[in-house]
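So the chains spell out like this:
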Amino acid sequence: MQLKINNLFMSGLRNINTAFISVWNKDSLEKIIKSLDMLGIHIYSTGGTADFIEKMNSAVTRVEHLTGYPSVFGGRVKTLHPKIFGGILARRKVVSDMEDLEKYGIPPVDLVVVDLYPFEETLESGATPQEIIEKIDIGGISLIRAAAKNFEDVVIIPSRDHYGDLVDILDNDGGKTSIEKRKHLAGEAFGISSGYDTAIHSYFTGSKGQAEFQINHKKARQLRYGENPHQAAFYHETAGRPFEQLHGKEISYNNFLDIDAACGLIQEFEETTFAILKHNNACGLASRDNLKQAWLEALEGDPVSAFGGVLVTNRQVDKDTAGEINKLFFEVIIAPSYSGEALEVLKEKKNRIILRNNNIDMPKQVIRSAVGGVLIQDRDTKTESASDLSVVTELVPDENEISDLLFANKIVKHTKSNAIVIAKDKKLLGSGIGQTSRVDALKHAIAKASGAGFDLAGAVMASDAFFPFADSVEIAGKAGINSVIQPGGSVKDKDSIDFCNKNMMKMVFTGVRHFKH
């Protein structure tokens, strides 16, 4: 075996002379095999991949012929052998490593191509536990890590998503690679490995109560930019496919935030409902028997803020509703389905993002960065019903008032704190969002509702947290609001209750705070 180190070697460039290929998905593999053949690169392979290569009439050495061992234990052990991993891990600059290769008859491997068993796809298919376990790749993940570790000498192609990199190396660079290219692909490989192990870890633990924070790099995609054009951003998919994009431009960072808020909000409602969101908060929402009417009344809530907003509904969008929606400029619409005629109308604007909501469960945990670390908390999944309410005033809300109180409480739960929501007849009239005091939030909500021309007599008010003083119910009562829903728990609750009793107002406590920061 030639141990001489030439100038090409010292420069960091490497020629690919041998390749080890073991892939689950054979799509697009044919072109790679042809390119390897053109360059005279010797191929080693396993099982089904070797069958595929032989059917192309290309030369291939099967792994069992190299190792002297057949595939055993139902295919669980095929590649875990020193004659495979020695050829991958041997350091070309270390004389003793090269002497070991020669001594034990181990051929060096310059390129490793792997596509792992589809663990996540199997998991999502509803397969049995045994079928899921059998799709935990052992040999493939070991090949990836070994080749990536020895990136100074070996090229790793860790998934079929990276076949384009290999085609470029073979067809445009003549099978030569730089140290920079190999290191980049090694980083990609460890990302694939990390993501794969994260999915398996989540399966075994249920992702509940885990102390560590993990990201599946395999599913990361770069966005145009972040919250602002000067900020880079990525999206890491972690929960299947929450929606399908039917039309429109690429989804932006801010779009994703609004879409998340919209999907979380709409899941609260069983009745036919339409909501309009702006900067993650509802600016219009109504529940009606008819979808078109729900849209029109949601829009009445704040037609100014609705411009450029995100729309969401829990019913199929029909042609008539689409015609009304089309009169407004908006960024995104989300619905469980669309009639063919509705889609034709909505697609008139080429950049408009049209999404089909797959109605998957929202993630059980909420994750965000903070002061050099990561915060993880359970999602707020508590939605109050009539049985959760405690009437604390002398007057008791009637059935319609209870319905409106619960309606408003669902909205305030999904509104940035401090938050106040005013509603009437299952329609959002005004909201105070993200204010530094609850009084300011209430004043803002009243101003929005009054500015839209709504009569607040008989309206209800929802608060995401307790009232520290009676001033909020006093302001609400003077505006015409006659029923209030809030968590309760203030040391001065009695002051608010007393005011309601003296002024013929009704109030219920939920016992649950819904802060949202």
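For the structure itself, look to the data block above.
Definitions and cut-offs
- Residues numbered from 1 in each chain as written.
- Predicted model: local features only at pLDDT ≥ 70, side-chain atom pairs only at ≥ 80, totals over all residues.
- Heavy atoms only, no water.
- Helix = DSSP H or I, 4+ residues; strand = E, 2+ residues; numbered from the N terminus.
- Rg over C-alpha atoms; globule rule 2.2 N^0.38 Å.
- Buried < 20%, exposed > 50% of the residue type's maximum accessible area, 1.4 Å probe, protein only.
- Contact = heavy atoms within 4.5 Å.
- Areas by Shrake-Rupley, 256 points an atom, 1.4 Å probe, with all protein chains shown as cover.
- Lys, Arg positive; Asp, Glu negative; His and termini not counted.
- Charge placed at Lys NZ, Arg CZ, Asp CG, Glu CD.
- Pairing = 2+ DSSP bridges.
- Axes fitted to C-alpha atoms, helices over the stretch in contact; angles between N-to-C directions.
- Polar contact = N/O pair within 3.5 Å; in protein donor to acceptor, adjacent residues only side chain to side chain.
- Parallel < 35°, antiparallel > 145°, perpendicular 65-115°, else oblique.
- Left-handed = near helix turned anticlockwise from the far one by under 90°.
- Salt bridge = Lys/Arg side-chain N within 4 Å of Asp/Glu carboxyl O.
- Core = buried A, V, L, I, M, F, W, Y, C linked by side-chain atoms within 4.5 Å.
- Expected span 1.5 Å × (residues − 1).
- Phe/Tyr/Trp six-rings, centres within 6.5 Å; stacked < 30°, edge-to-face > 60°.
- Arc of directions from axis to C-beta.

A. Spatial organisation of the overall build of the protein chain. Secondary structure assignment for the protein chain yields 20 helices and 23 strands. Relative to the 2.2 N^0.38 estimate, which gives 24 Å for 517 residues, the radius of gyration of the protein chain is 31 Å and therefore markedly larger than a compact globule would have. Along the first, second and third principal axes, the C-alpha set of the protein chain runs to 100 × 50 × 45 Å. Taking all 517 residues of the protein chain together, 47% fall into the buried category. Long-range contacts, defined here as pairs at least 24 residues apart, represent 57% of the contacts in the protein chain between residues at least 6 apart. For the protein chain, the exposed surface amounts to about 25,000 Å²; the carbon and sulfur share of it is 50%. Side chains of the protein chain give 60 positive and 68 negative charges; the mean places of these two sets differ by 3 Å.

B. Layout of the sheet that holds strand E3 (residues 42-45). Spatially, the 5 strands line up as an open sheet ordered E4-E3-E2-E5-E6, and their pairing is parallel. Each having just a single partner strand, strand E4 (61-62) and strand E6 (155-157) make up the two edges of the open sheet. Taken together, the 2 bridges between E3 and E4 define a ladder with parallel strand orientation. Bridge pairing links Ser-45 to Arg-62 in E4. Along the sheet face, helix H9 (residues 139-149) touches strand E2 (18-23), strand E5 (111-115) and E6 and points at about 145° away from the line of E5. Across the face of the sheet, helix H10 (residues 163-172) comes into contact with E2, E5 and E6 while running at roughly 155° to E5.

C. Here's a closer look at the environment of Asn-314. With respect to the secondary-structure elements, Asn-314 resides in the loop between strand E13 (310-313) and helix H15 (319-325). Expressed as a C-alpha distance, the spacing of Asn-314 and Ser-194, which sit 120 residues apart in the sequence, is 36 Å. Beyond its immediate chain neighbours, meaning those up to four positions away, Asn-314 contacts Ile-266, Phe-269, Glu-270, Glu-271, Thr-272, Thr-273 and Pro-336. Here the side chain of Asn-314 touches Phe-269 through a polar contact of 3.1 Å, landing on its backbone oxygen.

D. Geometry of the packing of helix H2 (residues 29-38) against H10. At a closest axis distance of 10 Å, the pairing of H2 and H10 adopts a crossing angle of 25°. In this view, H2 runs roughly parallel relative to H10, as classed from their interaxial angle. Judged by the twist between their axes, the crossing of H2 over H10 is left-handed. Residues Leu-29, Lys-31, Ile-32, Ser-35 and Leu-36 of H2 lie in contact with H10, whose contacting residues are Tyr-163, Leu-166, Val-167, Leu-170 and Asp-171.

E. Molecular detail of the pattern of salt bridges. Using the criterion set out here, one finds 22 salt bridges in the structure. The residue Arg-62 makes a salt bridge to Glu-54 at a minimum N-O spacing of 3.0 Å. On the basis of relative accessibility, which here comes to 14%, the residue Arg-62 falls in the buried class. For the salt bridge of Glu-268 with Lys-413, the shortest nitrogen-to-oxygen distance reads 2.7 Å.

F. The nonpolar core, seen in detail. Within the largest apolar cluster, 50 residues are counted, with the highest numbers of intra-cluster contacts made by Leu-36, Leu-111 and Val-112. For this core, the leading source of residues is helix H11 (residues 179-205), giving 7 residues. Excluding residues within four positions of it along the chain, Leu-36 makes contact with Ala-19, Ile-21, Ile-41, Ile-43, Leu-111 and Leu-170. By size, the runner-up hydrophobic cluster in this structure holds 40 residues, among which are Leu-223, Ile-259, Ala-282 and Leu-428.

G. Layout of H11. With 27 residues, H11 should reach 39 Å at 1.5 Å per residue; the first-to-last C-alpha distance of 38 Å fits that figure. On the buried face of H11, the contacting elements are strand E1 (14-15), helix H7 (119-124), H9, E6, H10 and strand E7 (176-177). Trailing H11 by a residue or two, Gly-206 shows a phi angle of about 75°, which is positive.

H. Highlighting the sheet that holds strand E11 (residues 273-278). In spatial order, the strands read E10-E15-E14-E13-E11-E12; together these 6 strands make up an open sheet with mixed pairing. Of all the strands in the sheet, just strand E10 (243-247) and strand E12 (281-287) have a single pairing partner and so form its edges. Neighbouring strand axes in the sheet, compared pairwise and without regard to direction, differ in orientation by 20° on average. Sheet topology note: the strand E14 (residues 332-335)/strand E15 (residues 353-357) ladder contains 4 bridges and is parallel.

I. Spotlight on the pairing of strand E20 (residues 428-432). Within E20, 5 of the 5 residues are buried, leaving the element largely enclosed by the surrounding structure. Linking strand E19 (residues 420-423) to E20, which pair antiparallel, is a turn of 4 residues; within it Asp-425 sits at a positive phi near 55°.

J. Representation of the packing of aromatic side chains. A full pass over the atoms with the stated rule returns 9 aromatic pairs. Note on Phe-119 and Tyr-196: the rings are 6.4 Å apart at their centroids and 65° apart in plane angle, and the pair reads as edge-to-face. Highlighted residues: Phe-119 in helix H7 and Tyr-196 in helix H11, separated in sequence by 77 residues. With respect to burial, Phe-119 and Tyr-196 carry one shared label: buried. Pairing Phe-307 with Phe-329 gives two aromatic rings, centres 5.0 Å apart and planes at 45°, and the pair type is tilted. Residue Phe-307 is found in the loop between helix H14 (303-306) and E13, and its partner Phe-329 is found in the loop between H15 and E14; the two are separated by 22 residues along the sequence. Members of the aromatic cluster, connected to one another through ring pairs, are Phe-119, Tyr-196, Tyr-203 and Phe-204.

K. Structural view of helix H19 (residues 471-479). Every buried residue belonging to H19 is among Ser-472, Val-473 and Ala-476, and all of these are buried. In an axial view of H19, the angular spread of the buried residues amounts to 90°, which keeps them on one side of the axis. Gly-480 sits one or two residues past H19 and shows a positive phi near 110°.

L. Quick look at the side chain of Thr-177. Following the sequence through the fold, Thr-177 ends up in strand E7. Judged by relative accessible area, which is 2%, Thr-177 ranks as buried. When sequence neighbours within four positions are dropped, the list of residues in contact with Thr-177 reads Gly-12, Leu-13, Arg-14, Ile-16, Val-155, Ile-169 and Arg-182.

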